[in-house]
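Reading the structure
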Amino acid sequence: MSRLEERSADTGRTLVLLGRALRFLAPYRWAVLGKLGLLILTFAPMLVLPWPIKIIIDHVILKTPFGEQAHPYPPFIEALLSPLADATPMEILFWVA
């Protein structure tokens, strides 16, 4: 058996080591959960940012009516855009930007 084979860990052994390491974090669990929550919140704007840009390009610059764009919006975005269906491009720009 080579040294590489001796050092390689299988999945079970890896999970045991991970469990042992997580026990050291037990006294700080609320701090760790708080930091993970803040980390998720920092990614939220990056996930939402493309939608206002698409709305501005499609409906303000290209003046495409709602419902006629090449790639439709997901349902959660369509629910937010329904009040803007009859708006002018300047009104859309005002509400999105």
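Our subject is the structure listed above.
Residues numbered from 1 in each chain as written. Predicted model: local features only at pLDDT ≥ 70, side-chain atom pairs only at ≥ 80, totals over all residues. Heavy atoms only, no water.

**Details of the overall build of the chain**
Helices and strands together make up the secondary structure of the chain, namely six helices and zero strands. For the chain, the succession of helices and strands along the chain, N to C, is α-α-α-α-α-α. In terms of overall dimensions, the chain has C-alpha extents of about 70 × 35 × 20 Å along its principal axes. Per-residue burial over the chain gives 11% buried out of 97 residues. The contacts of the chain with a sequence gap of at least 6 include a subset with a gap of at least 24, amounting to 38%. Of the roughly 8400 Å² that the chain leaves accessible, carbon and sulfur atoms contribute 71%. Computing the positive centroid from 9 side-chain charges and the negative centroid from 8, the chain places the two 22 Å apart. (Helix = DSSP H or I, 4+ residues; strand = E, 2+ residues; numbered from the N terminus. Buried < 20%, exposed > 50% of the residue type's maximum accessible area, 1.4 Å probe, protein only. Contact = heavy atoms within 4.5 Å. Areas by Shrake-Rupley, 256 points an atom, 1.4 Å probe, with all protein chains shown as cover. Lys, Arg positive; Asp, Glu negative; His and termini not counted. Charge placed at Lys NZ, Arg CZ, Asp CG, Glu CD.)

**A look at the layout of surface pockets**
Roughly 180 Å³ of internal volume is contained in the largest pocket. Lining of the largest pocket is provided by V48, W51, P52, I55, I77, L80, L81, L84, W95 and V96. Of all the elements in the fold, those that place two or more residues in the lining of the largest pocket are α4 (50–61), α5 (75–81) and α6 (89–96). (1 Å grid on protein atoms, 1.4 Å probe; cavity = no way out; pocket = protein on both sides within 12 Å on 5 of 7 lines; lining within 4 Å. Points joined across faces, edges and corners; volume = space filled by probe spheres on them.)

**Looking at unusual backbone geometry**
Backbone geometry follows two general trends: most residues other than glycine have a negative phi, and most peptide bonds adopt the trans configuration. Notably, K63 is not glycine yet its phi reads approximately 55 degrees, a positive angle. Counting through the fold element by element, K63 comes out in the loop between α4 and α5.

**Description of the side chain of D58**
Mapped onto the secondary structure, D58 falls in helix α4. Those residues in contact with D58 that lie beyond four places of it in its chain are K63, T64, Q69 and Y73.

**Observations concerning the environment of W51**
Relative to the assigned elements, W51 resides in helix α4. In this structure, the C-alpha to C-alpha distance between W51 and Y73, residues 22 residues apart in sequence, is 8.6 Å. Ignoring any residue separated from it by four or fewer positions in sequence, one finds W51 in contact with Y73, P74, F76 and I77.

**Quick look at the environment of I56**
You can see I56 is positioned in helix α4. A sequence separation of 23 residues divides I56 from A79, and the C-alpha atoms of the two residues are 17 Å apart. Ignoring sequence-local partners within four residues, the contact set of I56 consists of I61, L93 and V96.

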